[in-house]
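# Results of the structural survey
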Amino acid sequence: MSTATQKTESPAPPPDGGSKSIGTLLLQGMRTNMRQYGMLVALALIIVIFQIWSDNILLRPGNVTSLVQQNGYILILAIGMMMVIIAGHIDLSVGSLVAFIGAAAGAMMIKNDMPWGLAVVLCLLIGALAGAWQGFWIAYIGIPSFIVTLAGMLAFRGGTQILLDGQSLSPFPDGFEKLSTGFIPEMGPYTQYHNPTMVLGLIVCAAVVWQEWRGRQQRASYELEVVPLGLFFVKCAAIVAAVMAFTMTLSSWHGAPYGLLVLAVLFVIFSFVMRNTVIGRHVYALGGNQPAAKLSGVRDKRVTFLVFVNMGLLSALAGLVFAARLGSATPSAGLNFELEAIAAAFIGGASASGGVGTVLGAIIGGLVLGVLNNGMSLVGIGTDYQQVIKGLVLLAAVGFDVWNKRRVGS
């Protein structure tokens, strides 16, 4: 029998990855998702460092809850900004739009006694219209997003000053403030932990394990390589342990804040949209190679327009959450929020050239910045040094992305 025949008839490697060692599979997974895994490791190291440095204050239940509430609006903006950057654009107006929406909410609820539920709906509509306005000039007129959103940044900041007449408005209705500062009410028998939060944590664990198993089965059905079953169980156990540790920390305080629920819903929706829908694939295609995407039938103008409408809507939601937490509408609200959102997206794995990034990466990047801010404040590092450190972290993250692309290309 010839050598060619022998190669043809040789058995294929088993789909469960049994022909490769666990170490080899781990290295392959790390290389494939180097940026995201690298940021997860960095986040874990930052948490450990500041937990020790702050005399175990960082992970106390009250501080973890404050960390979630203080960074909720940045994480909301980071999700939208990640999608904008994946599509190959940038949005510099989100911080000013946050301030404008807060001012509009104050004018409706405080000045005109409008029911806060109706005011929230109108503010979200205003945010979507603002995004549509900018998306029109970018998508259909062809003006670069940097210029359009820079103009929007100036216009919305000026509109905020006009609405508030340079003054702060307060207080907001109690029901509205609970959007950011409230907690899920306790139910069921008395225990040492918050019952509804524990139930939600168990539901999240079950959903994550089911999703991981479903993804493994799909890969196996297409005869793609999957990790060994033992390693799969280790991965699921690690995820469940992390989720339950976070859940129990929140449950030992006041439970899950409403802001966390809002963020969780957004994460589920946009993760599904970007991974499992046509519009999500079109966003990636448009940012990866716009000419090729157009030749493939992607309606680039429509996709770009919708991306900015979504960014406007999420900016409005972030503005409402921030105003609810602050308890007032102020002219200086939202300062540098656009920079925080952009930094979170790039730290979380977005590429400056577009076409790369995940919603989970945006959350991870936002948490890296949030833990850095909180940890440095706990140990007494001044705001001047905090800015320097965050700038270096952003530079390192983007530099790592450039190095990784060159390494893969070579």
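Residues numbered from 1 in each chain as written. Predicted model: local features only at pLDDT ≥ 70, side-chain atom pairs only at ≥ 80, totals over all residues. Heavy atoms only, no water.

### Quick notes on the overall build of the protein chain
We apply this condition: Where helices and strands are cited, they refer to DSSP runs of H or I of at least four residues and of E of at least two residues respectively, numbered from the N terminus. Put simply, the radius of gyration uses C-alpha atoms, and a globule should come to 2.2 Å times the residue count raised to 0.38. Under the scheme applied here, a residue whose accessible area is under 20% of the maximum for its type counts as buried, over 50% as exposed, and between as partly exposed, the area being computed with a 1.4 Å probe on protein chains only. Only heavy atoms enter the contact rule, under which two residues are in contact if any of them lie within 4.5 Å. In short, Shrake-Rupley with a 1.4 Å probe defines the accessible areas, and a residue's cover is counted only from the protein chains shown. A positive count includes Lys and Arg, and a negative count includes Asp and Glu. His and the chain ends are not counted in either. A single reference atom marks each charge: NZ on Lys, CZ on Arg, CG on Asp, CD on Glu.
Looking only at helices and strands, the protein chain has 17 helices and zero strands in total. A compact globule built from 410 residues would reach a C-alpha radius of gyration of about 22 Å, and the protein chain, at 23 Å, matches this within 12%. By principal-axis analysis of the C-alpha atoms, the protein chain measures approximately 90 × 60 × 40 Å. Relative to its full complement of 410 residues, the protein chain shows a buried share of 44%. Sequence-distant contacts in the protein chain: of pairs separated by 6 or more residues, those separated by 24 or more amount to 78%. Summed over all atoms, the accessible surface of the protein chain reaches about 20700 Å², with 68% contributed by carbon and sulfur. Computing the positive centroid from 23 side-chain charges and the negative centroid from 17, the protein chain places the two 9 Å apart.

### A word on unusual backbone geometry
Going from Ser 170 to Pro 171, the amide bond is cis rather than trans, its omega being -5°. If you trace the backbone, Pro 171 turns up in the loop between helix H7 (145-164) and helix H8 (174-181). We note that Asp 113 has phi near 55°; this positive angle belongs to a residue other than glycine. Residue placement: Asp 113 occurs in the loop between helix H5 (94-111) and helix H6 (116-141). Residue Asp 113 is classed as exposed on the basis of its relative accessible area of 65%. Non-glycine residue Asp 165 carries a positive phi angle of around 55°.

### So, the domain arrangement of the protein chain
Selection criterion: The domain boundaries here were taken from an automatic or database domain assignment. For any pair of parts, buried area is found by adding up, for both, the accessible area (1.4 Å probe) each one loses once the two are put together. Definition of a polar contact: a pair of N or O atoms within 3.5 Å, with one able to donate and the other able to accept a hydrogen when the atoms are protein atoms, and with sequence-neighbouring residues admitted only if both atoms are side-chain atoms.
Each assigned domain of the protein chain is listed here: domain 1 (58-182 + 258-402) and domain 2 (185-256). A C-alpha centroid distance of 27 Å is found between domain 1 and domain 2. Counting residues at the interface gives 10 residues for domain 1, matched by nine residues for domain 2. With both sides pooled, the region where domain 1 packs onto domain 2 buries about 780 Å², and carbon together with sulfur makes up 74% of that total. When residues of domain 1 are sorted by the area they lose upon contact with domain 2, Pro 61, Thr 65 and Leu 260 head the list and together hold 44% of the total. On the surface where domain 1 and domain 2 come into contact, there are zero residue pairs in polar contact (both at pLDDT 80 or more). Where the side of domain 1 that touches domain 2 is concerned, the elements lending two or more residues are helix H4 (61-86) and helix H11 (258-276). Here the side of domain 1 that touches domain 2 gets five residues from one element, more than from any other, and that element is H4.

### Topic: the side chain of Ser 96
Tracing the sequence through the fold places Ser 96 in helix H5. Ser 96 sits in the buried class, given a relative accessible area of 3%.

### Structural notes on the nonpolar core
Quick reminder of the rule: Residues enter a nonpolar core if they are buried and are Ala, Val, Leu, Ile, Met, Phe, Trp, Tyr or Cys, with the set joined through side-chain atoms within 4.5 Å.
Counting residues in hydrophobic clusters, the biggest one holds 65 residues, and the most contacted among them are Ile 76, Leu 77, Ile 79 and Met 81. Secondary structure elements with two or more residues in this core: helix H3 (34-53), H4, H5, H11, helix H12 (278-288), helix H14 (300-326), helix H15 (337-347) and helix H16 (359-378). Per-element tally for this core: the top contributor is H4, with 14 residues. Other than its neighbours up to four places away in sequence, Met 81 contacts Asp 91, Val 94, Met 311, Glu 338, Ala 341, Ile 342 and Ala 345. Counting 22 residues, the second-largest nonpolar core is a separate cluster that includes Phe 100, Ala 119, Leu 164 and Leu 169.

### Remarks on the UniProt feature "transmembrane region" (unreviewed entry) in the protein chain
Worth spelling out the cut-off: UniProt positions are given in the numbering used here, feature names are shortened, and annotations may be inferred rather than shown by experiment.
With numbering matched to this structure, UniProt assigns "transmembrane region" (unreviewed entry) to residues 37-53, 73-102, 114-131, 137-156, 226-250, 256-274, 303-324 and 344-372. Secondary structure content for residues 73-102 is 77% helix and 0% strand, while the C-alpha to C-alpha distance between its ends is 12 Å.

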